[in-house]
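Listed here are the chains, written in short residue letters.
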Amino acid sequence: MRQVALITGASRGIGAATAREFGKRGHHVIVNYRSDEAAAQRVVKDVEAAGGTAHAVQADVCDPAQAARLVDECARLDVLVCNANIQPPFAPLSRMSWDAFSGKVTAELAAVFHVTKMALDVMRGQDGGRIVYVSSVSADHVRRGSIAHATAKAALNVFARHVAAEARDSGIAVNIVAPGAVRTDATRDVLTPEAAAALGERSVLGRVLLPEDVAKVIASVTDGAFQAVAAAHIVVDGGAQVLPGRP
């Protein structure tokens with residue numbers, strides 16, 4: 001029987017790369033998307049070409065009714081990857097409105113709250129499962145203009161740790177994967193060639209991260225080799241936080 005992986009926000013970026021990675025591992029992947037059906041269907045084809053099976057489900061996971069409909073697609077659920085992300089407003093506090101700030105934080109938590117509650121019910125009725133929350137190194141670093149994004153991801157980290165504590169007796173392991181800067185459509189304007197070159201100098205990879213780099217880690221922490229790992233906060237940044245710039 002194929003294991004079933006539900007990935008929220010899987011039509012592009014890290015979510016799409018993660019879906020393809022689970023396809024390589026022979027999973028059935030539920031490709032969740034909010035609005036871009038064509039992109040989601042391309043990911044479905046990629047998963048199938050990689051050796052898995054897949055189908056796409058439209059749902060805004062910030063909405064409890066739509067999140068319930070999404071989880072209802074899962075007769076079985078072995079892996080949940082909470083990756084859906086709301087594009088944050090980038091501005092300092094002096095130019096940030098409360099609506100913009102609270103909108104990002106609220107949406108970030110709503111996107112995990114509803115689907116997590118329902119997924120836990122499914123996993124508790126079987127022999128456990130794995131949950132991975134996709135966070136960001138921004139939660140632990142101060143960067144001008146990132147106050148809303150960093151606060152939202154910090155709140156996500158706390159939420160994930162509490163879920164890990166509540167789920168541990170049900171054989172459900174919960175972990176956090178926190179990427180650094182990743183080259184995606186969403187970061188196109190931020191990761192200028194100069195910024196990407198500077199990050200590459202601080203990475204063991206010698207380049208800026210790609211979605212596939214993060215996807216491999218996400219998929220790996222859900223397999224048997226990581227059975228004893230739970231409530232971990234795994235940073236995926238190529239060593240940028242600690243490596244000095246190369247000469």
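Our subject is the structure listed above.
The shown structure was predicted, so the numbers you read here are calculated from the model rather than taken from an experiment.

**Student:** Please explain the packing of aromatic side chains as it appears in this structure.
**Tutor:** Centre distance and the angle of the planes are the two values used to describe a pair of aromatic rings. Here the structure, examined in full by the defined rule, presents two aromatic pairs. Aromatic side chains Trp98 and Phe101 sit 5.9 Å apart centroid to centroid with 35° between the ring planes, which places their arrangement in the tilted category. Here Trp98 pairs with Phe101, and both are found in helix H4 (residues 98-124), just three residues apart, close to one helical turn. Under the relative-accessibility criterion, Trp98 is labelled exposed at 62%. Taking 5.9 Å as the distance between ring centres and 90° as the angle between the ring planes, the aromatic pair formed by Tyr133 and Phe159 counts as edge-to-face. One end of the pair, Tyr133, is in strand E5 (residues 129-134); the other, Phe159, is in helix H5 (residues 147-167), with 26 residues separating them in the sequence. When its relative accessible area of 0% is taken as the criterion, Tyr133 is described as buried.

**Student:** How should the pattern of salt bridges be read in this particular structure?
**Tutor:** Once their charged atoms are close, side chains differing in charge can pair, the charge on each being opposite to the other. For the structure on display, the rule yields eleven salt bridges. When the shortest N-O distance is used, the salt bridge between Arg76 and Asp78 registers 2.9 Å. Judged by relative accessible area, Arg76 falls into the partly exposed class, the value being 26%. A salt bridge links Glu108 to Lys104; the shortest N-O distance between them is 2.8 Å. With Glu108 and Lys104 both in helix H4 and four residues apart, the pair spans about one turn of that helix. Residue Lys104 is classed as buried on the basis of its relative accessible area of 2%. Among the charged side chains, a network of salt bridges with common partners joins Glu21, Lys24, Arg25 and Asp223.

**Student:** How should unusual backbone geometry be read in this particular structure?
**Tutor:** If a residue is not glycine, its phi is most likely negative; likewise, a peptide bond is most likely trans. A positive phi angle, near 60°, is found at Ala231, a position not held by glycine. When you line up the elements, Ala231 lands in the loop between helix H7 (211-220) and strand E7 (233-236).

**Student:** Just to check I follow, could you spell out the pairing of strand E6 (residues 172-179) for this structure?
**Tutor:** Regular strands place their side chains on alternate faces of the sheet. Of all eight residues making up E6, eight are buried, and the element is well covered by its neighbours. Along E6, one buried face is formed by Ile172, Val174, Ile176 and Ala178 and the opposite face, lined by Ala173, Asn175, Val177 and Pro179, is buried too. By the bridge criterion, six bridges tie E5 to E6 in an arrangement that is parallel. The residue bridging Val132 from the neighbouring strand is Asn175, located in E6. One crossover worth recording links E5 to the parallel E6 by way of H5, and it is right-handed. Bridge count between E6 and E7: four bridges; the pairing is parallel. Bridging from a neighbouring strand, Pro179 pairs with Val236 of E7.

**Student:** Looking at this structure, how should I read the layout of surface pockets?
**Tutor:** Remark: the empty space left among the atoms is shown by a probe the size of a water molecule rolled over them. Roughly 310 Å³ of internal volume is contained in the second largest pocket. Taken together, 19 residues line the second largest pocket, and the ones lying closest to its centre are Gln3, Asp78, Gly129, Arg130 and Thr222. Going through the elements one at a time, E5 and E6 are the ones with two or more residues in the lining of the second largest pocket.

**Student:** So what exactly am I meant to see when it comes to the pairing of strand E4 (residues 79-82) here?
**Tutor:** Where burial is concerned, the two faces of E4 agree: the one with Val79 and Val81 and the one with Leu80 and Cys82 are both buried. In terms of strand pairing, strand E1 (residues 4-7) meets E4 through three bridges, oriented parallel. Looking at the pairing, Ala5 lines up with Val79 of E4. Taking the sense of rotation as the criterion, the β-α-β connection linking E4, H4 and E5 turns out right-handed.

**Student:** Help me understand the environment of Lys153, please; the structure alone is not making it clear to me.
**Tutor:** Residue position: Lys153 is located in helix H5. Expressed as a C-alpha distance, the spacing of Lys153 and Lys216, which sit 63 residues apart in the sequence, is 21 Å. Once residues within four sequence positions are removed from consideration, Lys153 is found in contact with Asn85, Glu108, Val134, Ser135, Ser136 and Ala139. Side-chain polar atoms of Lys153 contact the backbone oxygen of Val134, separated by 3.2 Å.

Rules and cut-offs
- Residues numbered from 1 in each chain as written.
- Predicted model: local features only at pLDDT ≥ 70, side-chain atom pairs only at ≥ 80, totals over all residues.
- Heavy atoms only, no water.
- Phe/Tyr/Trp six-rings, centres within 6.5 Å; stacked < 30°, edge-to-face > 60°.
- Helix = DSSP H or I, 4+ residues; strand = E, 2+ residues; numbered from the N terminus.
- Buried < 20%, exposed > 50% of the residue type's maximum accessible area, 1.4 Å probe, protein only.
- Salt bridge = Lys/Arg side-chain N within 4 Å of Asp/Glu carboxyl O.
- Pairing = 2+ DSSP bridges.
- Right-handed = clockwise from strand over helix to strand, strands pointing away.
- 1 Å grid on protein atoms, 1.4 Å probe; cavity = no way out; pocket = protein on both sides within 12 Å on 5 of 7 lines; lining within 4 Å.
- Points joined across faces, edges and corners; volume = space filled by probe spheres on them.
- Contact = heavy atoms within 4.5 Å.
- Polar contact = N/O pair within 3.5 Å; in protein donor to acceptor, adjacent residues only side chain to side chain.

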